[in-house]
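# Summary of structural features
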Amino acid sequence: MFIGVDLGTSAVKLLAMTSDGTILKTHSVEYPISFPKSGWSEQNPEDWYEGTIRGLRELLDEVCGSSDIPRMIEGLGIGGQMHGLVILDDQDAVIRPAILWNDGRTTKETAYLNEVIGKDKLSEYTGNIAFAGFTAPKILWVRDNEPENFAKINKLMLPKDYIVYRLTGAYTSDYSDASGMLLMDVKNKCWSKEMLEICGISDVEMPVLHDSFDTVGVVKQDVMGSLGLAKDAPIRVVAGAGDNAAAAVGTGTVGAGGCNLSLGTSGTLFISNDSFTVDDRNSLHSFAHADGGYHLMGCMLSAASCNKWFMDEILESKDYAAAQQDIVEHADEKLGENPVFFMPYLMGERSPHNNPLVRAGFLGMSMDTSREDMIQAVLEGVAFGFRDSLEVARSQGIVINTSNICGGGAKSPLWRRIIANVMNVSLTIQENDEGPALGGAILAAVGCGVFGSVQEAADKLVKVIDTVEPEAELVSKYEEKYQRFRKLYPMLKDFYN
């Protein structure tokens, strides 16, 4: 079997898959996240590793139990949260907690890169401009605020690469994940000498780059023993991918013209391509893809987390489906008619606004605004945020008529219907919505030679079971609503700035 790992922000999810795509079991292990100051977000990399090892043990117990089934894993692949800064000293000890993708402390450093170094230069060096969540601004922050830690840096890596390093001893990264560091020349798939110099680091401190499906090592003997695995049956570990690229592989979004919407804690619009492209304003990220090609990506910092926040913290309810039931039952009257708008910027925003200071808000409420109106506004606000990124792609001549959709929020039929009509695209739902973990397992199968390419693996393993089609009347209603929504950010951005 092949193991796929999704190293997420709140938990690590593991999946066991056979070579024909059958998913045997999934298992999750949660770990803590720290917010030491307002806008800061950190984790202890040791928690990731311990959670992964514990998860592997428990997954194997669930798959094999006490039976005589041999505990044999052929390959392992990891999809991981992107952009996080993990730094080790010359003794391989973690120097400080990892600074995560959703950490907002680097406003000053991001402005320095975009305004002093210049967006044109950054785009020339990397294909992208600086966003607060990227890794390069974090390195500058450590240099300027923790010089004693900066001086100790011996190895610099991303979250999933730390797990690969602990499992195999191989110091590597893959092109898709490394694209989000603002340290890689994405078009030419190599480290940018100019960006390393700007950040005060050298290529010696950087991992070796690989395609996502390349085998980079085997699990070390001591780790095999701790998992109860036969030491004479080596497990190949592939380089893995950033979580969005891995999720795209898991939904079959590979090759030219594919599109995937990931409706998780954050939200992404992911457009795959065979060639490297950059939009005029660098509003979308231009990254390498796990299939060996490239992709454009628009990233919302808060997507399904908007609904989770409103349900958990404001309504104090965990019954998401019940909260949406009245909207579902009266959808013909409610959809496209809601007077309430929600700006989905709980943690600032990346694409397309690149503004860590903007915040969320409800507008258009009155004395007769209901709880259901606000729930619906949250769902619609996230859909409008996705549409913002889609409009950037369309402005580049990219035509998207169909998109895959995955993530926890995509389990809501109501939310899927809203998104299909706001964006005017058909949404396809796959048989297995296991996100980056499934993508990691598929990459492992490719790396072990079961399939000749990621495209071949996706064609054989990913199956569509349903499609949500846009409805002409609702598309028209939501077009009018979206044109009003898109005026809100330009009017309010100065208030937050």
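Residues numbered from 1 in each chain as written. Predicted model: local features only at pLDDT ≥ 70, side-chain atom pairs only at ≥ 80, totals over all residues. Heavy atoms only, no water.

### Notes on the overall build of the protein
Along its length, the protein carries 18 helices and 24 strands. Taking 497 residues into account, the globule formula puts the C-alpha radius of gyration at 23 Å, and the protein, at 22 Å, falls close to it. Along the three orthogonal principal directions, the C-alpha set of the protein runs to about 65 × 55 × 40 Å. At a minimum sequence separation of 6, the contacts of the protein that also span at least 24 residues come to 72%. Surface exposure of the protein reaches about 18,900 Å², of which carbon and sulfur atoms provide 49%. A gap of 2 Å separates the mean positions of the 43 positive and 68 negative side-chain charges of the protein. (Helix = DSSP H or I, 4+ residues; strand = E, 2+ residues; numbered from the N terminus. Rg over C-alpha atoms; globule rule 2.2 N^0.38 Å. Contact = heavy atoms within 4.5 Å. Areas by Shrake-Rupley, 256 points an atom, 1.4 Å probe, with all protein chains shown as cover. Lys, Arg positive; Asp, Glu negative; His and termini not counted. Charge placed at Lys NZ, Arg CZ, Asp CG, Glu CD.)

### Some points on helix α17 (residues 472-485)
Over its 14 residues, α17 runs 20 Å from end to end, which matches the ideal 20 Å to within 8%, given 1.5 Å per residue. Taken together, the buried positions of α17 are L474, V475, Y478, K481, Y482 and F485. Along α17, the residues classed as buried sweep out an arc of 130° about the axis, all on the same side. Turned more than 90 degrees away from the buried face of α17 sit A472 and E473, all of them exposed. Check the buried side of α17 and you find it contacts β20 (341-343), α13 (371-395), α14 (413-423) and α18 (488-496). (Expected span 1.5 Å × (residues − 1). Buried < 20%, exposed > 50% of the residue type's maximum accessible area, 1.4 Å probe, protein only. Arc of directions from axis to C-beta.)

### As for the state of the cysteines
Applying the stated criterion across every chain yields a total of zero disulfides. With no disulfide partner, C199 has as its closest neighbouring cysteine sulfur the one in C190, 15 Å distant. (Disulfide = S-S within 2.5 Å.)

### A closer look at the packing of aromatic side chains
Per the counting criterion, the structure on display carries 16 aromatic pairs. Seen in terms of ring centroids, F384 and Y478 are 6.3 Å apart; in terms of plane orientation they differ by 65°. Their pairing is edge-to-face. In this pair, F384 sits in helix α13 while Y478 sits in helix α17, placing the two residues 94 residues apart along the sequence. As far as the burial class goes, F384 and Y478 line up, both buried. Ring centres of F384 and F485 lie 5.0 Å apart, and the angle between their planes is 35°; on these two criteria the pair is classed as tilted. Taken together, the residues span a long stretch of sequence, with F384 in helix α13 and F485 in helix α17 at a distance of 101 residues. Aromatic ring contacts, followed pair by pair, group F341, F384, Y478, Y482 and F485 into a single cluster. It is R166 that lies over the ring of Y49; its NZ or CZ is 3.9 Å from the centre. (Phe/Tyr/Trp six-rings, centres within 6.5 Å; stacked < 30°, edge-to-face > 60°. Lys NZ or Arg CZ within 6 Å of the ring centre and 35° of its normal.)

### What to know about α14
The buried count for α14 comes to nine of 11 residues, which makes it a mostly enclosed element. Burial in α14 covers these residues: L414, W415, R416, I418, I419, A420, N421, V422 and M423. With its phi angle positive at about 55°, N424 sits one or two positions after the end of α14.

### What to know about the sheet that holds strand β19 (residues 294-300)
The sheet built from seven strands is open, its strands ordered β18-β19-β17-β16-β22-β23-β24 with mixed pairing. Looking at the sheet topology across the chains shown, the edges are occupied by β18 (285-288) and β24 (464-468). Adjacent strand axes in the sheet meet at a mean angle of 30° when their direction is disregarded. Relative to strand β23 (residues 426-430), strand β22 (residues 402-406) runs parallel, the two sharing three bridges. Looking across to β23, one finds that S403 is bridged to L427. (Pairing = 2+ DSSP bridges. Axes fitted to C-alpha atoms, helices over the stretch in contact; angles between N-to-C directions.)

### Structural notes on the packing of helix α1 (residues 45-64) against helix α5 (residues 159-168)
Orientation of α1 relative to α5, taken along the N-to-C sense of each, is 60°, at an axis distance of 10 Å. With respect to their mutual orientation, α1 and α5 come out oblique. Of the two possible hands of crossing, α1 and α5 adopt the one that is right-handed. Contacts from P45, E46, W48, Y49, T52 and I53 in α1 reach P159, Y162, I163, R166 and L167 in α5. For the contact of α1 with α5, the per-class residue count stands at eight nonpolar, one polar and two charged. (Parallel < 35°, antiparallel > 145°, perpendicular 65-115°, else oblique. Left-handed = near helix turned anticlockwise from the far one by under 90°. Nonpolar A, V, L, I, M, F, W, Y, C, P; charged D, E, K, R; others polar.)

### Concerning the pattern of salt bridges
Counted under the stated rule, the structure contains 25 salt bridges. R105 is the partner of E42 in a salt bridge, and the nearest nitrogen-oxygen pair spans 2.8 Å. Of this pair, E42 sits in strand β4 (residues 42-43) while R105 is found in the loop between β7 (98-99) and α2 (107-126), placing the two residues 63 residues apart along the sequence. We classify R105 as buried; its relative accessible area is 9%. Close ionic contact of K477 with E473 constitutes a salt bridge, the shortest N to O distance being 3.8 Å. Of this pair, K477 and E473 are both found in helix α17, four residues apart, which corresponds to roughly one turn of the helix. A relative accessible area of 59% means that E473 is categorised as exposed. (Salt bridge = Lys/Arg side-chain N within 4 Å of Asp/Glu carboxyl O.)

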